[in-house]
Amino acid sequence: STNMATFQYFMVYAFTLTTIRTILVWHGALNLGEYVWVTMDIGIGMIMIWTMTLSKPTGELCHYRPTATLLGPRTLSAIAFPYITAIITLFVGFGLLWTK
């Protein structure tokens with residue numbers, strides 16, 4: 001379960017970061033600064049995964065089994081939903097900035 005959560009986190013992180021970076025380059029030849037990359041890689045990437053590996057099992061199990069497939073529908077939806085939400089949020093933010 002912890003390995004699947006770590007996999008899902010990195011997949012969302014990779015897809016979202018790549019898409020946002022591509023949109024920034026395409027729109028205005030923009031790039032994020034060095035300290036932004038260091039903060040995301042060390043501050044978010046390493047610390048988030050470290051805290052995820054420290055998680056303990058709950059005392060009571062849920063009524064369904066955790067997924068065991070990397071490309072199952074539950075895993076893919078757990079990756080797609082935050083990715084789509086992040087992209088929608090990015091475009092809403094751009095829209096709010098462009099209308100001012």
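Calculation notes
- Residues numbered from 1 in each chain as written.
- Predicted model: local features only at pLDDT ≥ 70, side-chain atom pairs only at ≥ 80, totals over all residues.
- Heavy atoms only, no water.
- Helix = DSSP H or I, 4+ residues; strand = E, 2+ residues; numbered from the N terminus.
- Buried < 20%, exposed > 50% of the residue type's maximum accessible area, 1.4 Å probe, protein only.
- Contact = heavy atoms within 4.5 Å.
- Areas by Shrake-Rupley, 256 points an atom, 1.4 Å probe, with all protein chains shown as cover.

Points about the overall build of the protein chain
A count of helical and extended segments in the protein chain gives 3 helices and 0 strands. Each helix and strand of the protein chain, ordered N terminal to C terminal, gives the series α-α-α. With respect to the three principal axes, the spread of C-alpha positions in the protein chain is 50 × 25 × 25 Å. For the protein chain, the residues scored as buried account for 22% of the 100 residues in total. Residue pairs at least 24 apart in sequence account for 75% of intrachain contacts in the protein chain once pairs closer than 6 positions are excluded. Of the roughly 7900 Å² of accessible surface on the protein chain, 73% is carried by carbon and sulfur atoms.

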